[in-house]
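Chain by chain, the residues:
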Amino acid sequence: MTTALKIDGTAVSAIVKDDLRYRVERLAQQGIRPGLGTILVGDDPGSRSYVAAKHRDCAEVGLHSIQVRLPATASQQEIEDAVHALNEDPECTGFIVQLPLPSHVDTHRVIELIDPRKDADGLHPTNLGRLVLGMDGPLPCTPRGILELLRHHDVPITGARFCIIGCGITVGRPLGLMLTRRSEHATVTMCHEATVDTAAHTRAADVVIAAAGVAHLVQPDWISAGATVLSVGITRTVEGILGDVNPGVEHIAGRLSGATGGVGPMTRAMLLTNVVECAEAAQAEGMKDSR
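Residues numbered from 1 in each chain as written. Predicted model: local features only at pLDDT ≥ 70, side-chain atom pairs only at ≥ 80, totals over all residues. Heavy atoms only, no water.

## Topic: unusual backbone geometry
Most peptide bonds take the trans form, and the phi angle of most residues other than glycine is negative. Leu-99 connects to Pro-100 through a cis peptide bond whose omega is 5°. Tracing the chain through its elements places Pro-100 in the loop between strand S4 (94-97) and helix H4 (107-113). Backbone geometry places Asp-197, a non-glycine residue, at a positive phi of 60°. Within the element layout of this structure, Asp-197 appears in the loop between strand S6 (187-191) and helix H8 (198-203). The exposure class assigned to Asp-197 is partly exposed, which follows from its relative accessible area of 46%. If you check the backbone angles, His-216 has positive phi at about 55° while not being a glycine. Assignment of secondary structure puts His-216 in the loop between strand S7 (207-210) and strand S8 (228-231). With relative accessibility at 28%, the residue His-216 sits in the partly exposed group. (Helix = DSSP H or I, 4+ residues; strand = E, 2+ residues; numbered from the N terminus. Buried < 20%, exposed > 50% of the residue type's maximum accessible area, 1.4 Å probe, protein only.)

## Digging into the side chain of Thr-198
On the secondary structure map, Thr-198 appears in helix H8. Those residues in contact with Thr-198 that lie beyond four places of it in its chain are Ile-165, Cys-191, His-192 and Trp-222. (Contact = heavy atoms within 4.5 Å.)

## Some thoughts on the packing of helix H1 (residues 9-28) against helix H2 (residues 45-61)
The interhelical angle for the contact between H1 and H2, taken along N-to-C directions, is 60°, at an axis separation of 8 Å. By the angle class used here, H1 and H2 are oblique. Of the residues in H2, those touching H1 at Lys-17, Leu-20, Arg-21 and Val-24 are Asp-57, Glu-60 and Val-61. Of the residues that constitute the contact of H1 with H2, the class distribution is 3 nonpolar, no polar and 4 charged. (Axes fitted to C-alpha atoms, helices over the stretch in contact; angles between N-to-C directions. Parallel < 35°, antiparallel > 145°, perpendicular 65-115°, else oblique. Nonpolar A, V, L, I, M, F, W, Y, C, P; charged D, E, K, R; others polar.)

## Comments concerning the nonpolar core
Formed by 43 residues in total, the largest nonpolar core has its most connected members in Leu-63, Ile-146, Phe-162, Leu-179, Ile-209, Leu-230 and Val-232. Of all the elements in the fold, those that place two or more residues in this core are H1, H2, helix H6 (141-152), strand S5 (161-165), helix H7 (172-179), S7 and helix H9 (263-289). With 9 residues, the single largest contributor to this core is H9. In this structure Phe-162 touches Leu-150, Pro-156, Ile-157, Leu-179, Ala-186, Thr-187, Val-188, Thr-189, Ala-205, Val-207 and Ile-209, once residues within four positions along its chain are discounted. Membership of the second largest hydrophobic core comes to 18 residues, among which are Ile-66, Ile-79, Val-83 and Val-105. (Core = buried A, V, L, I, M, F, W, Y, C linked by side-chain atoms within 4.5 Å.)

## Quick word on the pattern of salt bridges
For the structure on display, the rule yields 15 salt bridges. Close ionic contact of Lys-17 with Glu-60 constitutes a salt bridge, the shortest N to O distance being 3.5 Å. Of this pair, Lys-17 sits in helix H1 while Glu-60 is found in helix H2, placing the two residues 43 residues apart along the sequence. Since its relative accessible area comes to 7%, Lys-17 is described here as buried. Here Glu-184 ties to Arg-151 by a salt bridge, and the two come within 2.4 Å at their closest N and O atoms. Of this pair, Glu-184 sits in the loop between H7 and S6 while Arg-151 sits in helix H6, and the two are 33 residues apart along the sequence. Its relative accessible area of 2% is what places Glu-184 among the buried residues. Members of the salt-bridge network, linked through shared partners, are Asp-19, Arg-23, Arg-26, Arg-144, Glu-277 and Glu-280. (Salt bridge = Lys/Arg side-chain N within 4 Å of Asp/Glu carboxyl O.)

## Brief notes about the sheet that holds S5
Judged by pairing direction, the sheet is parallel, and its 6 strands sit side by side in the order S1-S11-S8-S7-S5-S6 without closing on themselves. Of all strands in the sheet, those bounded by a partner on one side alone are strand S1 (5-6) and S6. With 2 bridges joining them, S1 and strand S11 (residues 255-257) adopt parallel strand pairing. Bridge pairing links Lys-6 to Leu-256 in S11. (Pairing = 2+ DSSP bridges.)

Encoded structure:
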């Protein structure tokens, strides 16, 4: 019985971090110290763990980090004040508001208040609009990490047939936009909860990206032999983290990333990349203004 080749996000993220370490050192030589800010509201265990991992990553590559923690009872105004503070903080090159926010908070309003030049998640409406128009700007971290993973593992993209399951704003929708840019030129099918016979679409795909957040949704008979499959969505259970892809898919797919150690480490690596690129862009803008 064959077993799919592992798509190892941990190994690729280490390569990305090595490059970032060099770029951070180069900026430091010019008196610039990039910094990542995070705003965490509440005590959700998953969010708390993810934010902590981001700050460990910062320490690995030499980035300054700023942590803002607010209680779950924080008001809309208190959260907005925290966003304004990081917008104005010269030590913060880029920052994120960890999602999800408590139900009483207007999440769209909070995201819109982020300075687009400091949008480390690439989710500000201005930057998503720039993506639609094919203009430069911070890119959403998980889709960017997925593309980096595929390129590193020599998975063909241009002309390939992709099926994305899930149309969320953090993964599915922006990934579809990125895959249809001229630089990628893939053919993309987007599946969602109203899709009729999702399996028919996945069987026709060269690459399947499961980002629905439904445990073991993708079954072995949904996949054509030799296809590349990335499990992105996760479900936390008492038994641990379960991915969107049934483990049996490893005997059908040619390449496979699992629920852990695949896309997750790349998402965090791309967050750091966005922060460093924001610092580099600000440096270039400053040099231009000084001429």
